Amino acid sequence: MTEVLVAEDVRRSYGDTVALDGVSLSASAGEVLALVGPNGAGKTTLVRALTGTTDAEGRVELFGEAPTTVDRDRIGLLPQSFTPHERLTARELVAYYAGLYDETRDVEAVLADVGLAEAADTHYENLSGGQQRRTCVATALINDPDLLVLDEPTTGIDPAGRQALWELLEGLADRGVTILVTTHYMEEAQRLADRVGLLADGRLVALDAPEALVADHAGDSQLIVDGAFDEAAVAAIDYPTETTLQDGRLVVTGVRPESIGGVVDALDAAGVGYDSLTWTQPDLEAVYLELTGTGVGRSGEPREGARAATGGSR
Amino acid sequence: MSRLGRLRAESLAASRAFLRRRTAVFFTFFFPLIIVVIFGVLVQTRPGGGGLFTRPPAYYVPGYLAVVVLFTPLSRVGSEVARHRDGNRFEKLATTPLTRPEWLLAQTLVNVVVIGLAGLLLLGLMVVLTDADIVFSPLLLPFVVLGVALFCGVGAMLGSLASSQDGVISASNGIALPLLFLSETFVPPELLPAWLPTWLSPLTYFSRGVRAVSTGGGEVAVPLAVLSVCAVVGFAVGAALLPRTD
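Residues numbered from 1 in each chain as written. Chains lettered and ligands numbered in written order. Predicted model: local features only at pLDDT ≥ 70, side-chain atom pairs only at ≥ 80, totals over all residues.

Describing the domain arrangement of chain A
How big an interface is tends to be expressed through the accessible area that disappears when the partners come together. Residues and elements named next belong to chain A. Here the domain parsing of chain A yields domain 1 (3–215) and domain 2 (218–291). Using only C-alpha atoms to locate each centre, domain 1 and domain 2 end up separated by 40 Å. On the side of domain 2, eight residues touch domain 1, which itself brings twelve residues to the contact. Taken together, the elements giving at least two residues each to the side of domain 1 that touches domain 2 come down to helix H6 (186–192), strand S8 (195–200), strand S9 (203–208) and helix H7 (210–217). Among the residues forming the side of domain 1 that touches domain 2, the class breakdown is eleven nonpolar, one polar and no charged. (Domains from an automatic or database assignment. Contact = placed C-beta atoms within 7 Å. Helix = DSSP H or I, 4+ residues; strand = E, 2+ residues; numbered from the N terminus. Nonpolar A, V, L, I, M, F, W, Y, C, P; charged D, E, K, R; others polar.)

In structure tokens form, the structure reads like this:
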């Protein structure tokens, strides 16, 4: 498969601060590659190195050329914290960027794609935060790029707007557009990305398909049993998988949804009462927390996943 | 899209952005008015005695024009660079076909139009309010254009080197004020210390050339040539210093 983007051993330092420490990755045509990582992990510096807007050591190629010499008609960039002319309307802004390229999409079509047809005549400074971000995304789409680089494109966009943008990006990827996206939303990375790169302290600590990352790093599903428990209760429960006591709660590891009834039976058999049950499925957020060393929440409690399967009290 | 198309798009966006900042527009054109009123009407030129200025009103045409040719590009382009940098606009533009010289040229074109209009207003006010005897020659145009290009380049340098928009304004005032009064504009060279190297200031050549043209006497070619070189160098350095991102 044709590599659209190649980075090998990319390094960048600012004084004594190492922003990128030997990052290597690639993306092929039509692939969506998401970069996730904590603030300061090096995501934006990597985006800048890949787009040639900062000098970095190592090898970077876009379409087989250096980023500074590649045909700029083929690249669409949304920089982080991008703020265009505030007193131009959304339509004027998109038309302005259209005027910088040889061939572009229709301005009205792009505005419609990002859901701004109704607000096209509003000055940028008077748009809502989400509309402003969608205007910025539109400026990256106007030249119909083969490589779309989006640095936190959905920050500030409401859930409906985010969904619409995801569908738009999925459509572009289906048409063969390569998309590099940085995000703090694990749900976004999990939904959009063919592969996810996890950056921490300037290093790429993992790069794989979301499912593979979850399988390799997120651990097993858990059933969290809320109530007032002690070691005696743990010892009394007869269940085949690991059961531990964490901050007064029982955590049963490796429980499939269809096995939750078995845990309930085991609790009943042991005469252990409980307040509620929460089933958590491992996801990309668990991978993120595990690999960035932030696997325990601020309260010191184990992280609870997004999918609560059942609950109840006895 | 041709280079002309890119220049058109950038100039149009820059013009709209400027015209919609009403305070900036108002003071761009109000500035020449208050300068002429203060220096030309209140202080006045009275060659026969009295008044701060000793020469006929037309002598000060370069000074009045320099006020807009010098201050406006320095502060406008400097601030625009700072705004672009703060909004990561240069990072975005670096991935488009628009080059840095094209960006600065577009800003210069907008400034030429704005300053040209302000300059016309200023000259008109001088004639009406001070009875200045001015020769309106087309040769004034290249001096204004070159002066604007030079100081747009310097403004780009300031905007690129200063860390904030406030810093740009402070730096541009710090540079423009001494230049304005030490470049044979309002103060004749014989009133300045002999050791002062006014010839080092590019604004001196703007003054000499504009004075020669507007009074109908004096050397034009040499000031025009020197100012041309200064404008090319200033523009090139300003464009080269424009930031990409870091």
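Moving on, there is more to tell.
A short note on the sheet that holds strand S2 (residues 17–28) of chain A
All names here are of chain A. Taken in spatial order, the three strands of this open sheet run S2-S1-S4, and their pairing is antiparallel. Whereas interior strands pair on both sides, the edge strands pair on one side only; in this sheet they are S2 and strand S4 (57–62). Each strand axis lies, on average, 15° off the axis of its neighbour in the sheet, ignoring direction. One ladder, built from nine bridges, connects strand S1 (residues 3–14) with S2; its direction is antiparallel. Paired with Arg-11 across the bridge in S2 is Asp-21. Where helix H1 (residues 43–51) meets the sheet, it contacts S1, S2 and S4, and its direction lies at approximately 120° from that of S1. (Pairing = 2+ DSSP bridges. Axes fitted to C-alpha atoms, helices over the stretch in contact; angles between N-to-C directions.)

Details of the environment of Leu-88 of chain A
You can see Leu-88 of chain A is positioned in the loop between strand S5 (75–78) and helix H2 (90–98). C-alpha separation for the pair Leu-88 of chain A and Thr-54 of chain A, spaced 34 residues apart in sequence, amounts to 28 Å. Leave out the neighbours within four places in its chain, and Leu-88 of chain A touches Leu-93, Tyr-96, His-123 and Tyr-124 of chain A together with Ala-13, Arg-16 and Ala-17 of chain B.

Focus: helix H1 (residues 3–19) of chain B
Here H1 of chain B is 17 residues long and its end C-alpha atoms lie 24 Å apart, about the 24 Å a rise of 1.5 Å per residue gives. Looking at the buried residues of H1 of chain B, the elements they touch are H2 of chain A together with helix H2 (22–43) and helix H5 (100–130) of chain B. (Expected span 1.5 Å × (residues − 1).)

Remarks on the confidence of the model for chain B
A residue-level look at chain B finds 95% of positions with pLDDT of 70 or above and a mean pLDDT of 91. Scoring of the predicted complex yields 0.85 for pTM and 0.89 for ipTM. (pLDDT = per-residue confidence, 0-100.)

A short note on the confidence of the model for chain A
Residue and element names in this part refer to chain A. Across chain A, the average pLDDT comes to 89, with 93% of residues at 70 or higher. Across chain A, H2 holds the top mean pLDDT of 98, while helix H8 (residues 231–236) sits lowest at 84. The low-confidence segment residues 296–314, where pLDDT is below 50, has 38 contacts with residues more than four positions distant or belonging to other chains.

Comments concerning the interface of chain B and chain A
At the interface, 23 residues of chain B touch 24 residues of chain A. Of all the secondary structure elements, the ones that give two or more residues to the side of chain B that touches chain A are H1 and helix H4 (89–93) of chain B. For the side of chain B that touches chain A, the element with the highest residue contribution is H1 of chain B, accounting for seven residues. Split into classes, the residues belonging to the side of chain B that touches chain A amount to seven nonpolar, six polar and ten charged.

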